[in-house]
Amino acid sequence: MKIGIGIDTGGTYTDAVIYDFETKRVLSSAKSLTTKRDLSKGIIGALDGLDPELRKQAEVVALSTTLATNACVENKGGRAKLIFIGVDDSTMERVGKSYGFTAKDGIFCCEGSGSFDGKILPHVDWDALMSDTAEWIKDAEGLGIVEMYAMNNGAVAERQAKELFESRYHIPIVCGSELFSGTNSLQRGTGTLLNARLVPVITEFIAAIKTAMDERGLNAPIVIVRSDGSLMSEEFSRTKPVETILCGPAASVLGGMKLSDRSESMIIDMGGTTTDISLVKHGEPVRAGDGVSVGDWKTFVKGVFIDTFGLGGDSAVRPTKNGFELDTRRVVPISLLAKQWPFVKDELRGLLADTKWHTRPVYEYYGLVRSIEGKAGYTEDEKAFCRALEEKPLMLREAAEAGGTDIYHLDKFERLESEGIVIRAGLTPTDFMHVAGDVDIYDTEAARLAAAFLMRSLGFNDEDEAQVQKFANSVYEAVKRKLYRNIVRVLLQDKYPKLRGEGIDRQLYSMIDSSWDEFRAAGDGYFNVLFRTNAALVGIGAPIHIFLPDVARALGTECVIPENAGVANAVGAVVGNINAEVRVEVRPNHTPGGIEGYFVCAPSETKMIWVRRDAVDAAIEMADALARQEAKKRGIIGEMTVRIRTEDKTGSAARGTVDLGTEVVATAIGGAVL
């Protein structure tokens, strides 16, 4: 292939590039606002900004998106259910939350698991299960099925359950064993439930891409970036969208590495909703060890190490008792809303004239993202609220009135926000960039009007320009502080892995904050706390150039904002390749009389072999075949390379070393796509 198109759809912008594989150069690039109601419009806008002659020559379209990442961080997504065989309600109550299980009504625990070693197979009362779940499953948009010991018994119960539910319900159904090979059933369950939640998200995204390609006459195969930076086919991504939970961040790592050419670096990607931090050592991205975690979700998804936290150009700036805070939830910048709906400025002027101040962000608006008319599972109040937003966005008080409540009880519509049905618009760092004069792409006057109300509510003089600029700088300072705090946290956890498991306590966070304060004060005190790194800070994403240079100076290192930094994710999408990794374990069958044979445990099959060498050879053969099979599903055609790695595992006991078996890992790699 010579020419490829990379497209990245983020929470705020959709970026596109035309990339020359031979010269390794970006030939054309463009940005367009992401259009939540109809993603295809934003994608078409980005495609239209590319060179039309070069666009026709594209032989592949590679995609990345932060939609799945944002859905995890903001706890959004489709309505999904999980059937958990062998785990009881008390276990979920006790430890489920630490893995990301928060909505109890989305999980159905079912008795009937077999034994850990797979010798006793699961026994489930299928008639009772189908009857007991009939009402519970009615509003599900996707279903996941996990059995506690599936990885040791060939997933017989999962496969039987899937067959039964597919025969009755026409929704996407995926088993945990089809996604992950890890033995921790709770972690498998988290990823499987998340996969079901993300099916509508990825389905909508792919449909939008296809619509945009059809309208612009593009007829090329589609591939999507996985969380480890490799690519997968469109068909594969439809059933396994959980593989995309760090799709956008993984693309940013690849793009940042390609554009910056730094062998030791931290890639800092600030988008509209989140900031992603990844590490590059010796020219290679650091990989996540036990599966990636996003927000509260702890999964077995293999990926590039990326730390994602809620901070972006569209983070909500809201009043508090002691000033203001940067909320982790994304809102539409008020300056953007006013550009799209000019009446907003008049209403903001009216608010300033009629209301002196308020403890609530009454300058915020609600807007409709998609209609719920005709859909089951929503209350009449929720439907009425959405109908009121169909014509135009409504300011907080008007929206509350339309919903039959007041501004203090709008949390009754929280579900609509969490499911992405409605979205708020309000003040953001992007708006304060307009106030400060650093950007002028939306409606600056609207940003200043909303900022004036917030300042007045916090006791500032909004008519004094010096105070206005000082307040804008204080928002900048809050963004830089949070950025610095998280970069130092990631560096500490990388150097001291114990901190990753235990977390960083308040005292250590206080020390990190103090070190930032000392840097900003430029003092040379009796005793200073300083954090330093030799890794270059590579900034990508539209707003990062405003915030990262000061943070790099505080850490005594170089700040790199490469050319095409604003479209780095789209570059990263198009420069990846396809690979597939499969793990097969050889486990000794320990008995009172010693080892009697070996279990060869593959994702969908377990068999007994009596001689260890024969068991390992069989595991290598199975892993090789399964990796090739998986790679073909993901989109490889033609030649591929398969790398085999084996690792013998032992443990210690009172009588000496214990044989724990052998792990065989096969990785198939190829670059051609279907």
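See the structure printed just above.
From a predicted model like this one, the values you see are computed outputs, not experimental measurements.

> Help me understand the overall build of the chain in this model?
Helices and strands together make up the secondary structure of the chain, namely 24 helices and 29 strands. Along the first, second and third principal axes, the C-alpha atoms of the chain reach 85 × 60 × 60 Å. Across the 674 residues that make up the chain, the buried fraction comes to 57%. Taking as baseline every contact in the chain between residues at least 6 positions apart, the subset at least 24 positions apart corresponds to 68%. Carbon and sulfur atoms form 49% of the exposed surface of the chain, whose accessible area is close to 28,900 Å². Between the mean site of the 79 positive side-chain charges and the mean site of the 96 negative ones, the chain shows a separation of 2 Å.

> In this structure, what is going on with the pattern of salt bridges? I would like to understand it.
Opposite charge on two side chains permits them to pair, given that their charged atoms come into close proximity. Counting across every chain of the model gives 52 salt bridges. In this structure, D550 engages K480 in a salt bridge whose closest nitrogen and oxygen atoms are separated by 2.8 Å. One end of the pair, D550, is in helix 22 (residues 544-554); the other, K480, is in helix 19 (residues 465-495), and 70 residues separate them in sequence. D550 sits in the buried class, given a relative accessible area of 13%. On the basis of relative accessible area, K480 is assigned to the buried category, the value being 9%.

> Looking at this model, I keep getting lost on the packing of aromatic side chains. Mind explaining?
Aromatic rings considered in pairs are described by the distance between their centres and by the relative angle of their planes. In total, this model carries 15 aromatic pairs according to the counting rule given. Summarising the aromatic geometry, the rings of F180 and F300 are spaced 6.4 Å apart at their centres and angled 50° between planes, so their arrangement reads as tilted. Placement of F180 in the loop between helix 8 (176-179) and helix 9 (185-215) and of F300 in the loop between strand 15 (297-298) and strand 16 (306-309) is noted, with a sequence separation of 120 residues between them. Owing to a relative accessible area of 5%, F180 belongs among the buried residues under this scheme. Owing to a relative accessible area of 15%, F300 belongs among the buried residues under this scheme. Ring centres of Y484 and W516 lie 5.1 Å apart, and the angle between their planes is 40°; this geometry places the pair in the tilted category. A residue pair is termed long-range when its members are at least 10 positions apart, and Y484 in helix 19 and W516 in helix 21 (residues 506-521) qualify at 32 residues. With respect to class, Y484 is no different from W516; both count as buried. Aromatic rings pair up to connect F324, F432, F460 and F471 into one cluster. In this structure, R79 is placed above the aromatic ring of Y378, and the distance from its NZ or CZ to the ring centre is 4.2 Å.

> Just checking my understanding: could you explain the nonpolar core for this structure?
Within soluble globular proteins, side chains that are nonpolar tend to cluster in buried spots. Counting 111 residues, the largest nonpolar core has I5, I7, F84, F101 and I245 as its most contacted members. Per-element accounting of this core gives the leading share, 13 residues, to helix 9. Apart from the residues lying within four places of it in its own chain, the contact partners of F101 are L82, F84, M92, G96, I107, L186, G189, T190 and L193. L394, F413, V490 and L499 belong to the second-largest nonpolar core, a separate cluster that totals 87 residues.

> Which parts of the structure should I look at to understand the state of the cysteines?
Linking two cysteines covalently via their sulfur atoms produces the bond known as a disulfide. Tallying each qualifying case throughout the model produces zero disulfides. The cysteine C109 is free of any disulfide, with C110 supplying the nearest cysteine sulfur at 8.9 Å.

> How should I be thinking about a negative patch on the surface in this particular structure?
Residues D38, E204, D214 and E215 make up a contiguous surface patch of negative charge. Within the element layout of this structure, D214 appears in helix 9.

> Help me understand the sheet that holds strand 8 (residues 173-175), please; the structure alone is not making it clear to me.
Within a beta sheet, neighbouring strands are joined by backbone hydrogen bonds and run either parallel or antiparallel to one another. With respect to topology, four strands assemble into an open sheet ordered 6-5-7-8, the strand pairing being parallel. With partners counted over all chains shown, the strands left at the sheet margins are strand 6 (107-110) and strand 8, one partner each. Looking at each pair of strands side by side, their axes are set apart by 15° on average, direction ignored. Pairing analysis gives six bridges linking strand 5 (residues 80-85) to strand 7 (residues 142-147), with the strands arranged parallel. Each residue of the ladder has a partner; that of A80, found in strand 7, is G142. Against the sheet, helix 7 (residues 156-168) touches strand 5, strand 7 and strand 8, its axis set at about 155° to strand 7.

Criteria and cut-off values
- Residues numbered from 1 in each chain as written.
- Predicted model: local features only at pLDDT ≥ 70, side-chain atom pairs only at ≥ 80, totals over all residues.
- Heavy atoms only, no water.
- Helix = DSSP H or I, 4+ residues; strand = E, 2+ residues; numbered from the N terminus.
- Buried < 20%, exposed > 50% of the residue type's maximum accessible area, 1.4 Å probe, protein only.
- Contact = heavy atoms within 4.5 Å.
- Areas by Shrake-Rupley, 256 points an atom, 1.4 Å probe, with all protein chains shown as cover.
- Lys, Arg positive; Asp, Glu negative; His and termini not counted.
- Charge placed at Lys NZ, Arg CZ, Asp CG, Glu CD.
- Salt bridge = Lys/Arg side-chain N within 4 Å of Asp/Glu carboxyl O.
- Phe/Tyr/Trp six-rings, centres within 6.5 Å; stacked < 30°, edge-to-face > 60°.
- Lys NZ or Arg CZ within 6 Å of the ring centre and 35° of its normal.
- Core = buried A, V, L, I, M, F, W, Y, C linked by side-chain atoms within 4.5 Å.
- Disulfide = S-S within 2.5 Å.
- Patch = residues over 30% accessible without salt bridge, like charges linked within 9 Å, V, L, I, M, F, W, Y side chains within 5 Å.
- Pairing = 2+ DSSP bridges.
- Axes fitted to C-alpha atoms, helices over the stretch in contact; angles between N-to-C directions.

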